[in-house]
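Coordinate inspection notes
One letter stands for each residue in the lines below.
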Amino acid sequence: MAGISYRGLTKVFDGGAVAVDGIDLQVEDGELMVLVGPSGSGKTTVLRMTAGLEEPTSGEILIGDRVVNDVPPKERNIAMVFQDYALYPHMSVYSNMAFGLKLHGLDKHLIPGRVESAAKMLGIHELLTRKPAQLSGGQRQRVAMGRAIVREPAVFLMDEPLSNLDAKLRVEMRAYVAMLQQQLGTTTLYVTHDQTEAMTMGTRVAVLRDGRIQQCEAPQLLYEHPANAFVAGFIGSPAMNLFRSRLHAEGDALQIPLDGDRVTLPPPVLSRHRGLRAHAGKEVIVGLRPEDLEDASLVPGAAAAVDVTVSLAEPLGAELIVHFALPVEPAREHGVAAAAGVSEADAAPGEQRFTARLSPRSLAQTGQPLRLAIDTERLHFFDAETGVAI
């Protein structure tokens with residue numbers, strides 16, 4: 001096994017389109033690193049260059065201590081798992097799993113043991129004689145993974161391997177893949193556009209935008225301490241509510257206006273965001289996660305609250321998702337709108353759509369007034385000009 005290193009990795013396609021822009025990243029030996037980002041962020045191009053399917057314009061790729069820029073794909077000691085399974089329809093499961101081993105010249109007496117061992121690990125031993133057409137989507141994906149595992153490579157490369165599965169099976173398989181990777185201990189580079197998948201699977205997660213890494217951290221650190229407004233809007237589901245506001249100084253206190261009132265920032269926020277005082281009197285981008293809002297009737301003595309009209313209530317059993325609007329200036333710069341999936345038509349001029357994740361005990365209903373408590377200690381702040389966290 002081996003780690004992967006990227007040093008100034010850049011890819012410029014014909015016509016001048018920059019897909020990957022000077023990436024520096026170290027994937028540790030045995031780590032499951034997830035590359036996540038919206039379409040066109042460069043994550044798949046990084047994976048394809050690692051596999052040798054695309055040639056870097058500049059920079060280096062190392063697998064272990066070996067620079068592999070000029071090494072053919074078959075000699076890089078990697079194995080790929082694709083989103084479309086890429087199984088041979090005329091071959092049995094056994095033959096699909098064994099094919100790569102035969103191609104690489106493994107002693108034919110060793111092949112049955114490798115295949116059967118992987119099949120037992122994946123729970124598909126009883127399927128070895130079937131053809132791909134006789135398998136479910138989840139079974140086909142396990143066969144595709146088995147074909148990679150039998151190779152015993154230094155690195156697994158996974159290109160959105162669960163995207164073709166239905167929602168329930170995708171949840172089951174992402175837990176299975178994560179546990180399997182821990183069991184095997186093989187360095188894995190996993191590409192996805194699904195940030196929930198990234199958060200639940202990755203040892204670390206690298207968030208990409210326009211070919212550049214915005215932040216690379218353990219999943220919880222990304223959630224708690226986003227480096228900029230783009231990461232804040234991309235990580236979390238539903239997405240963080242982001243809006244522009246002006247910081248007001250009132251003695252030693254700092255306040256932000258919200259729906260005709262002023263919310264005083266508590267001491268823990270000022271301690272955590274020490275640069276806020278330097279932004280007094282200036283515009284900032286304020287972030288408020290949906291889960292940091294709650295039905296005020298369930299939070300006696302809340303320090304801050306806002307009255308809204310529910311535009312849509314979505315009961316999901318374990319939680320209630322509520323949508324509403326507030327008369328604040330939307331934050332659409334720094335890739336915020338793209339990260340959060342916001343369009344210009346999502347709100348009327350001069351207002352911003354918000355989402356709240358409430359307890360299922362809330363009685364909030366579509367079209368009805370609702371008072372929402374705000375956990376002001378959980379507010380996030382970003383520089384309005386640069387989008388960088390304060």
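Comments concerning helix H5 (residues 167-184)
- Over its 18 residues, H5 extends 26 Å from the first C-alpha to the last, a length consistent with the 26 Å expected when each residue adds 1.5 Å.
- Those residues of H5 not exposed but buried are Met173, Arg174, Tyr176, Val177, Ala178, Leu180 and Gln181.
- Those residues of H5 that are buried lie in contact with strand S3 (32-36), helix H3 (111-122), helix H4 (137-149), strand S7 (155-159), strand S8 (187-192) and helix H6 (195-201).
- The N-cap of H5, judged by a side-chain oxygen 3.2 Å from the amide nitrogen of Lys168 a few residues on, is Asp166.

Considering the sheet that holds strand S18 (residues 312-315)
- Spatial ordering of the open sheet is given by S18-S19-S21, a layout of three strands whose pairing is antiparallel. For this open sheet the edge positions go to S18 and strand S21 (352-358), each flanked by a neighbour on one side alone. Across this sheet, the average inter-strand angle for adjacent strands is 20°, counted without regard to direction.
- One ladder, built from four bridges, connects S18 with strand S19 (residues 320-326); its direction is antiparallel. Bridge pairing in S19 links Pro315 to Leu320.

Looking at the pairing of strand S2 (residues 18-27)
- The sheet contact formed by strand S1 (residues 4-12) and S2 spans six bridges and is antiparallel. Each bridged residue has a counterpart across the sheet, and for Tyr6 the counterpart in S2 is Leu25.
- Turn length for the S1-S2 hairpin, with the two strands adjacent in sequence and antiparallel, is five residues, and the turn residue Gly15 shows positive phi of about 100°.

Notes on the environment of Thr186
- Its place among the elements puts Thr186 in the loop between H5 and S8.
- For the pair Thr186 and Leu32, spaced 154 residues apart in sequence, the C-alpha to C-alpha distance is 8.1 Å.

Some words on the packing of aromatic side chains
- Overall, the coordinates contain four aromatic pairs when judged by the stated rule.
- Centroid distance Phe230 to Phe234: 5.9 Å. Interplanar angle 15°. Geometry classified as stacked. Linking Phe230 with Phe234, this pair stays in helix H8 (residues 229-234), spanning four residues, or about one helical turn. Across the pair, Phe234 and Phe230 agree in class, each one buried.
- In textbook terms, an aromatic cluster arises when at least three aromatic residues are bridged by ring pairs, as seen for Phe243, Phe324 and Phe354.
- In this structure, Arg142 is placed above the aromatic ring of Tyr176, and the distance from its NZ or CZ to the ring centre is 4.2 Å.
- A cation over an aromatic ring shows up here: Arg289 above the ring of Tyr223, its NZ or CZ 4.1 Å from the ring centre.

Details of the pattern of salt bridges
- In total, this model carries 17 salt bridges according to the counting rule given.
- For the salt bridge of Arg48 with Glu54, the shortest nitrogen-to-oxygen distance reads 3.5 Å.
- Judged by relative accessible area, which is 31%, Arg48 ranks as partly exposed.
- Across the pair Arg378 and Glu224 runs a salt bridge, and its minimum N-O distance is 3.2 Å. Of this pair, Arg378 sits in the loop between strand S22 (369-374) and strand S23 (380-383) while Glu224 sits in helix H7 (residues 219-224); the two residues are 154 residues apart in sequence, bridging distant segments of the chain.
- Classification of Arg378 as partly exposed rests on a relative accessible area of 26%.
- Residues participating in the shared-partner salt-bridge network are Lys11, Arg48 and Glu54.

Overview of the nonpolar core
- Core analysis: the biggest nonpolar cluster contains 46 residues, and Met97, Val115, Tyr190, Val207 and Ile235 have the highest contact counts within it.
- When neighbours within four sequence positions are excluded, Ile235 is seen to be in contact with Gln195, Met199, Val207, Leu222, Tyr223 and Arg289.
- Among the nonpolar cores identified, the runner-up in size contains 34 residues, and Leu247, Leu254, Ala304 and Phe324 belong to it.

What to know about the sheet that holds strand S9 (residues 204-209)
- Spatially, S6-S7-S8-S3-S9-S10 is the arrangement adopted by the six strands of the open sheet, whose pairing is mixed. Taken across any chain shown, the strands that pair with only one partner, and hence form the sheet edges, are strand S6 (78-81) and strand S10 (212-217). Within the sheet, the average angular offset between the axes of one strand and its neighbour, ignoring direction, is 20°.
- Relative to S8, S3 is paired through five bridges, and the arrangement is parallel. Residue pairing for S8: Leu32 is matched across the bridge by Thr188.

Looking at the pairing of S7
- Among the five residues of S7, five are classified as buried, and the element is accordingly described as predominantly covered.
- The two faces of S7 match: Val155, Leu157 and Asp159 on one face and Phe156 and Met158 on the other face are all buried.
- One ladder, built from four bridges, connects S6 with S7; its direction is parallel. What sits directly across from Met80, in S7, is Leu157.
- Sheet topology places S7 next to S8; five bridges connect them, and they run parallel. When the bridges of S8 are listed, Met158 appears paired with Tyr190.
- Where the polypeptide runs from S7 across H5 and back to S8, its parallel neighbour, the crossover connection is right-handed.

The rules behind the values
- Residues numbered from 1 in each chain as written.
- Predicted model: local features only at pLDDT ≥ 70, side-chain atom pairs only at ≥ 80, totals over all residues.
- Heavy atoms only, no water.
- Helix = DSSP H or I, 4+ residues; strand = E, 2+ residues; numbered from the N terminus.
- Expected span 1.5 Å × (residues − 1).
- Buried < 20%, exposed > 50% of the residue type's maximum accessible area, 1.4 Å probe, protein only.
- Contact = heavy atoms within 4.5 Å.
- Polar contact = N/O pair within 3.5 Å; in protein donor to acceptor, adjacent residues only side chain to side chain.
- Pairing = 2+ DSSP bridges.
- Axes fitted to C-alpha atoms, helices over the stretch in contact; angles between N-to-C directions.
- Phe/Tyr/Trp six-rings, centres within 6.5 Å; stacked < 30°, edge-to-face > 60°.
- Lys NZ or Arg CZ within 6 Å of the ring centre and 35° of its normal.
- Salt bridge = Lys/Arg side-chain N within 4 Å of Asp/Glu carboxyl O.
- Core = buried A, V, L, I, M, F, W, Y, C linked by side-chain atoms within 4.5 Å.
- Right-handed = clockwise from strand over helix to strand, strands pointing away.

Taken by themselves, the reported measurements are silent on function.
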